[in-house]
Amino acid sequence: MIETTTESIDDFLHHKVTDRLVADVERVVRAAAAAEITPRFRQLAAHEIEEKSAPHDLVTVADKRAEEYLTRELAALLPGSCVVGEEAVAADPTTYEAIRAAAPVWIVDPVDGTRQFVHGDPGFCTLVALALDGVVVASWTYAPALDEFAVAVRGRGARLDGRVLPAGSPTPGADLRVATSHPDYTTDDQKRALLGLRTDGVAPRPCGSAGLEYLAVARGDLDAVAFSWELAWDHAAGLLLVEEAGGAHLTRAGVPFAITGGNALPFTAARDAATARRVAGLLSAGA
Ligand code: IPD
Ligand code: CA
Ligand code: CA
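About the thresholds
Residues numbered from 1 in each chain as written. Chains lettered and ligands numbered in written order. Predicted model: local features only at pLDDT ≥ 70, side-chain atom pairs only at ≥ 80, totals over all residues. Heavy atoms only, no water. Buried < 20%, exposed > 50% of the residue type's maximum accessible area, 1.4 Å probe, protein only. Helix = DSSP H or I, 4+ residues; strand = E, 2+ residues; numbered from the N terminus. Phe/Tyr/Trp six-rings, centres within 6.5 Å; stacked < 30°, edge-to-face > 60°. Lys NZ or Arg CZ within 6 Å of the ring centre and 35° of its normal. Pairing = 2+ DSSP bridges. Axes fitted to C-alpha atoms, helices over the stretch in contact; angles between N-to-C directions. Contact = heavy atoms within 4.5 Å. Donors = N, O, S within 2.8 Å, 3.2 Å for Na, K, Ca; no water. Core = buried A, V, L, I, M, F, W, Y, C linked by side-chain atoms within 4.5 Å. Salt bridge = Lys/Arg side-chain N within 4 Å of Asp/Glu carboxyl O. Near = heavy atom within 4 Å. Polar contact = N/O pair within 3.5 Å; in protein donor to acceptor, adjacent residues only side chain to side chain. Areas by Shrake-Rupley, 256 points an atom, 1.4 Å probe, with all protein chains shown as cover. 1 Å grid on protein atoms, 1.4 Å probe; cavity = no way out; pocket = protein on both sides within 12 Å on 5 of 7 lines; lining within 4 Å. Sits in = over half its atoms within 2 Å of the grid points. Nonpolar A, V, L, I, M, F, W, Y, C, P; charged D, E, K, R; others polar. Domains from an automatic or database assignment.

As annotated in an unreviewed UniProt entry, the chain carries the name Inositol monophosphatase family protein and is attributed to Streptomyces citrinus.

Okay, here's the thing in structure tokens:
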């Protein structure tokens, strides 16, 4: 049974999302990766890798064990909170519903970029977001093999390894660098919308780990992402990171993306509001 709350976002941020909690979550995320992910990097046996719904959708023993670790430790940090984790939802899709509950919810992607992890590529990360009433209030993005840790707290900014992240703006006159959903994983309608990005002045490329693409936007290494799926664990952490670094997100319908779902897809998150409007415009023109 999920508890409901009438606590306002501001009260929750002030009273519950303390510097202590933010540091405790970082400690838990680092410990989960050290215990369950890093020791298995480039060490996986074939039987430790499985396909989920589709051949490109992989899960490993590291994903499962890291999620179990995070679920146990995060719930203990915040009494009354619940956890929505990618692998728990794969086992029981009804657990995704907690995203829409009014109680605080931890949204967990234990390994984002499992394909990269399986292939020995360091471009994977662990994503944790804390949301209340559909609003992401804090997020943690940890790439253990790259030794990078990014944290965002609503209204308090975004930091990478302790340094403030300003996303900045694209270089005037340069092609807009946009990471997009892989065409194999999109509907025909979404493919048409993404074709709107195949125009002069835009350089689209297929995305890697979604969480690390958001981090690239937040640090100004990428101008925008354009994604066509809305599973909260892939986006919640990164969207707050981009927002708190000064960026913005918009769906194809021109409104901010909602982690609770029902968005007009694809959507974009970009280094600044003008770029988000430009990319959302191209997506709706392509549709
Ligand atoms: C995936 C990665 C991948 C993206 C997929 C995601 P997972 O997450 O972010 O780069 O293209 O759509 O599902 O399965 O590795 O956690
Ligand atoms: Ca993911
Ligand atoms: Ca995952």
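A. Region of interest: helix H7 (residues 210-218). Burial runs high along H7: 9 of the 9 residues are buried. Among the residues of H7, those classed as buried are Ala 210, Gly 211, Leu 212, Glu 213, Tyr 214, Leu 215, Ala 216, Val 217 and Ala 218. Just past H7, the residue Gly 220 takes up positive phi, approximately 85°.

B. Seen up close, the packing of aromatic side chains. This structure, assessed with the given rule, holds 10 aromatic pairs. Between Tyr 214 and Phe 227, the ring centres sit 5.6 Å apart and the planes meet at 80°, which makes this aromatic pair edge-to-face. Of this pair, Tyr 214 sits in helix H7 while Phe 227 sits in strand S12 (residues 224-227), placing them 13 residues apart in sequence. Grouping residues by exposure puts Tyr 214 and Phe 227 together as buried. Through a chain of ring-to-ring contacts, the aromatic side chains of Tyr 214, Phe 227, Trp 229, Phe 257 and Phe 267 assemble into a single cluster. Here Arg 30 stacks its cationic end above the ring of Tyr 142, 5.1 Å away from the centre of that ring. A cation sits over an aromatic face here: Arg 72 above Tyr 69, 5.1 Å from the ring centre.

C. Expanded view of unusual backbone geometry. For the bond running from Leu 265 to Pro 266, omega is 0°, close enough to zero to count as cis. Looking at where Pro 266 falls in the secondary structure, it is placed in the loop between strand S13 (248-251) and strand S14 (267-270). Phi at Asp 133 takes a positive value of approximately 55°, unusual for a residue other than glycine. When you line up the elements, Asp 133 lands in the loop between strand S5 (125-132) and strand S6 (135-143). By relative accessible area, Asp 133 is classed as partly exposed at 47%.

D. Spatial organisation of the sheet that holds S12. Here 5 strands make up an open sheet; going across it, the order is S11-S10-S12-S14-S13 and the pairing mixed. Every other strand in the sheet has two partners, leaving strand S11 (202-206) and S13 as the edge strands with one partner each. Strand-to-strand twist across the sheet, computed as the mean angle between neighbouring axes with direction ignored, equals 20°. The pairing of S13 with S14 spans 4 bridges and is antiparallel. From the neighbouring strand, Thr 251 faces S14, where its bridge partner is Phe 267. H7 rests against strand S10 (176-180), S11, S12 and S14 of the sheet, and its axis sits at about 150° to S12.

E. Structural detail: the coordination of the calcium ion (ligand 2). For the calcium ion (ligand 2), every protein donor is listed as Asp 109 (OD), Asp 112 (OD) and Asp 234 (OD), and the spread of their distances is 2.0 to 2.2 Å. Taken in sequence order, the residues that donate to the calcium ion (ligand 2) follow the motif D-x2-D-x121-D. For the pair the calcium ion (ligand 2) and the calcium ion (ligand 3), the metal-to-metal distance amounts to 3.8 Å, and Asp 109 bridges them. Of this pair, Asp 109 sits in strand S4 (residues 105-112) while Asp 234 is found in helix H8 (residues 232-244), placing the two residues 125 residues apart along the sequence. Of the two residues, Asp 109 and Asp 234, both sit in the buried class.

F. Representation of the coordination of the calcium ion (ligand 3) in the model. Protein ligation of the calcium ion (ligand 3) involves Glu 86 (OE), Asp 109 (OD) and Val 111 (O), the donor distances falling in the range 2.2 to 2.3 Å. Going along the chain, you hit the donors of the calcium ion (ligand 3) in the pattern E-x22-D-x1-V.

G. The arrangement of the nonpolar core in detail. Grouped together as the largest cluster of nonpolar side chains are 46 residues, with contacts concentrated most on Val 84, Ile 107, Leu 165, Tyr 214, Val 225, Leu 241 and Ile 259. With 8 residues, the top contributor of residues to this core is H8. Excluding residues within four positions of it along the chain, Val 84 makes contact with Val 89, Thr 95, Tyr 96, Ala 98, Ile 99, Val 105, Trp 106, Ile 107, Val 108 and Trp 233. Listed in part, the 36 residues of the second largest apolar core include Val 17, Ile 37, Trp 140 and Val 151.

H. Inspection of the pattern of salt bridges at higher detail. Counting across every chain of the model gives 19 salt bridges. For Arg 20, the salt bridge goes to Asp 24, with nearest N and O atoms at 3.6 Å. You can see Arg 20 and its partner Asp 24 sitting in helix H2 (residues 19-37), 4 residues apart, about one turn around the helix. Asp 24 sits in the buried class, given a relative accessible area of 15%. Between Arg 177 and Asp 223 there is a salt bridge, with the nearest N and O atoms lying 3.2 Å from each other.

I. Up close: the site of ligand 1. Taken together, the neighbourhood of ligand 1 is formed by 13 residues, with Asp 112, Gly 113, Thr 114, Gly 208 and Ala 210 sitting nearest. One nitrogen or oxygen atom from the side chain of Glu 86 is found 3.3 Å from an oxygen atom belonging to ligand 1. Contact between ligand 1 and Asp 109: an oxygen atom at 3.3 Å from a side-chain N or O atom of the residue. About the coverage of ligand 1: the protein hides 86% of its 380 Å² of free accessible area. A molecule is said to occupy a pocket when more than half its atoms come within 2 Å of that pocket's grid points, and by this definition ligand 1 occupies the largest pocket. For the shell around ligand 1, the residue count by class is 4 nonpolar, 4 polar and 5 charged. Residues from two domains meet in the shell around ligand 1; each of domain 1 (6-164) and domain 2 (176-286) gives at least three.

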